[in-house]
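# Secondary and tertiary structure notes
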Amino acid sequence: MAPDLTKKETKKMAKSLNVVARHLGISRSVEPKKWLMIWGAGLGLGTPKALLYHFLSPVPSEIRYYVGKPFCTARFSSSVLATATKSERNGLEFHYKQPLYLDFCAQVPPPEDTFVLQAFKTPWPEGLTLLKDFISEAEEKELLQNLFPSPTEENENENLKIAKYIPNLENKLKHRLVRHFGYDFRYDTNSVDVGGSKAEDIPSYMVKFITRMMSHNVIFRKPDQITMNHYLPGQGIPPHVDAHSAFLQPIISLSMGAPVLMDFRDGEKQLSLMLPPRSLLVMNEETRYLWTHGIANRKYDVVLDTSKMKFGVDVLPRGIRVSLTFRLLNSAQVCDCR
């Protein structure tokens, strides 16, 4: 049951809902309607739709999100159900202890801001391949245990948080922890210093995965350099192209842990691609030499709503992710791309 609001809370609710109405170009209604405006949940707050569907009672038929906004709208099959939800949920604490404020919409609200999904529809550039389930869940677990052999808690997820206990792990980068094999990767030039000090040897537990890549014709010989990246929610990597002169194609990335959205750009063209856990990203040709690739620094991604609701836009909270990037050194150290 919705709580009784104090005078101060009532004033705050009215102010918040007026902001919603103004931004959406609609009015609040004193009469019951099928549509509710909701302050305290939305894309701007990183609220997954499933969480809101679960919280609202009765459950709405549709939820509409708007880019960067801390509010949304919900449609019910009848004004009676909308009234019941408003009575049950108005003023209750929700995501991050943010209270939800609900009121009726006098008009049908605008559609979702689906323009943010255009980058998902961009044709893939030449040379971009994503191999899903390249490794099994058991192999993923084994690989992570080898990379992080000293769990500090019983929870397996904590096994990914112990980077500071691993030898040769660099904590110099502002946005993530890294570990190099074969050669140290230079982030100032996106290359390696062949004449410089070598990193630790490529470990034997990676050999079977490298062999699998070769048998699938993903790579034509064993890689010379591997970088492990450890990402916490909110961490990413700036858009970049690995140095042409330093590495041959392809550039390969194996994802483990949580899924993440990677952005590819070539001038005005942009592609957003979800990298699922255990997938292998292969970048050849245009993708390797022309398009930048990067991961934005944020704690959630705006993604396609692929649930049974199918209304376009949703939020995917980020988790802890680990990736392995495999590179082939260019012995000539000269760029010969066209």
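Presented here is a report on the structure given in the accompanying data block. Nothing here was measured: the structure is a model prediction, and the numbers come from that model.

Looking now at the sheet that holds strand E15 (residues 269-275). Pairing within the open sheet is antiparallel, and its four strands lie in the order E12-E17-E14-E15. The open sheet has two edge strands with one neighbour each: strand E12 (237-240) and E15. Each strand axis lies, on average, 20° off the axis of its neighbour in the sheet, ignoring direction. Summarising the sheet, strand E14 (residues 260-266) and strand E17 (residues 292-295) pair through three bridges and their orientation is antiparallel. Its bridge partner lying in E17, Arg-265 is registered against Thr-292.

Our focus in this paragraph is helix H5 (residues 207-215). Those residues of H5 that sit buried are Phe-209, Ile-210 and Met-213. Along the long axis of H5, the arc covered by the buried residues comes to 100°, so they all point the same way. The inward-facing, buried residues of H5 abut helix H4 (137-147), strand E11 (225-231), strand E13 (251-257), strand E16 (280-283) and strand E20 (321-327).

With 24 residues, the main nonpolar core has Leu-147, Met-213, Ile-252, Met-256, Leu-280, Leu-324 and Phe-326 as its most contacted residues. When residues of this core are traced back to their parent elements, those giving at least two are H4, H5, E11, E13, E16 and E20. Apart from residues lying up to four places away in sequence, Leu-324 is in contact with Leu-143, Leu-147, Met-206, Ile-226, Thr-227, Met-228, Ile-252, Ser-253, Leu-254 and Met-256. Grouped together as the second largest cluster of nonpolar side chains are 22 residues, Leu-271, Leu-273, Trp-291 and Leu-329 included.

Neither face of strand E3 (residues 62-65) is exposed, since Glu-62 and Arg-64 on one face and Ile-63 and Tyr-65 on the opposite face are all buried. Two elements, E3 and strand E4 (residues 71-75), share four bridges in a ladder whose sense is antiparallel. Paired with Glu-62 across the strands is Arg-75, a residue of E4. Hairpin connection, E3 to E4: the antiparallel pair is bridged by five residues, and Gly-68 has positive phi, about 70°.

Here we take up the packing of H4 against H5. As a packed pair, H4 and H5 sit with axes 11 Å apart at the nearest point and diverge in direction by 135°. Between H4 and H5, the angle is such that the two are oblique. Packed against H4, whose contacting residues are Glu-139, Glu-142 and Leu-143, the element H5 presents Lys-208, Phe-209 and Arg-212 at the interface. Here the residues of the contact of H4 with H5 are counted per class, giving two nonpolar, no polar and four charged.

Below, the discussion takes up the packing of aromatic side chains. Considering all chains together, one arrives at four aromatic pairs under this definition. Residues Tyr-66 and Phe-71 carry aromatic rings whose centres are separated by 6.3 Å and whose planes lie at 45° to one another, so their mutual orientation is tilted. In terms of burial, Tyr-66 and Phe-71 fall into one category: buried. Between Phe-185 and Phe-247, the ring centres sit 6.0 Å apart and the planes meet at 10°, which makes this aromatic pair stacked. A residue pair is termed long-range when its members are at least 10 positions apart, and Phe-185 in strand E9 (residues 185-186) and Phe-247 in the loop between E12 and E13 qualify at 62 residues.

Adjacent strands of a sheet form backbone hydrogen bonds with each other and so pair up, either parallel or antiparallel. Pairing is antiparallel across the open sheet formed by five strands, whose spatial order is E1-E5-E2-E4-E3. Each edge of the open sheet carries a strand with a single partner, namely strand E1 (28-29) and E3. As paired strands, E1 and strand E5 (residues 101-105) are joined by two bridges and run antiparallel to one another. Bridge assignment links Ser-29 to a residue of E5, and that residue is Phe-104.

This part covers the environment of Ala-246. With respect to the helices, strands and loops of the structure, Ala-246 is situated in the loop between E12 and E13. Classification of Ala-246 as buried rests on a relative accessible area of 1%. Along the chain, Ala-246 and Val-194 lie 52 residues apart, while their C-alpha atoms are 9.0 Å from each other.

Applying the stated rule across the entire model yields 16 salt bridges. A salt bridge links Arg-212 to Glu-139; the shortest N-O distance between them is 2.6 Å. Taken together, the residues span a long stretch of sequence, with Arg-212 in helix H5 and Glu-139 in helix H4 at a distance of 73 residues. With a relative accessible area of 22%, Arg-212 lands in the partly exposed category. Judged by its relative accessible area of 14%, Glu-139 is buried. The partner of Arg-278 in a salt bridge is Glu-140, with the nearest N and O atoms 2.9 Å apart. Here Arg-278, found in the loop between E15 and E16, pairs with Glu-140, found in helix H4; they are 138 residues apart in sequence, far enough to count as distant. Several salt bridges share partner residues, and in doing so they unite Glu-139, Glu-142, Lys-208 and Arg-212 into one network.

The term disulfide refers to a covalent linkage connecting the sulfur atoms of a pair of cysteines. Considering all chains together, one arrives at zero disulfides under this definition. We note that Cys-72 lacks a disulfide partner, and the nearest cysteine sulfur, in Cys-105, lies 9.8 Å from it. A residue is classified by how much of its surface remains accessible, and Cys-72, at 0% relative accessible area, is buried.

What counts, and where the lines are drawn
Residues numbered from 1 in each chain as written. Predicted model: local features only at pLDDT ≥ 70, side-chain atom pairs only at ≥ 80, totals over all residues. Heavy atoms only, no water. Pairing = 2+ DSSP bridges. Helix = DSSP H or I, 4+ residues; strand = E, 2+ residues; numbered from the N terminus. Axes fitted to C-alpha atoms, helices over the stretch in contact; angles between N-to-C directions. Buried < 20%, exposed > 50% of the residue type's maximum accessible area, 1.4 Å probe, protein only. Arc of directions from axis to C-beta. Contact = heavy atoms within 4.5 Å. Core = buried A, V, L, I, M, F, W, Y, C linked by side-chain atoms within 4.5 Å. Parallel < 35°, antiparallel > 145°, perpendicular 65-115°, else oblique. Nonpolar A, V, L, I, M, F, W, Y, C, P; charged D, E, K, R; others polar. Phe/Tyr/Trp six-rings, centres within 6.5 Å; stacked < 30°, edge-to-face > 60°. Salt bridge = Lys/Arg side-chain N within 4 Å of Asp/Glu carboxyl O. Disulfide = S-S within 2.5 Å.

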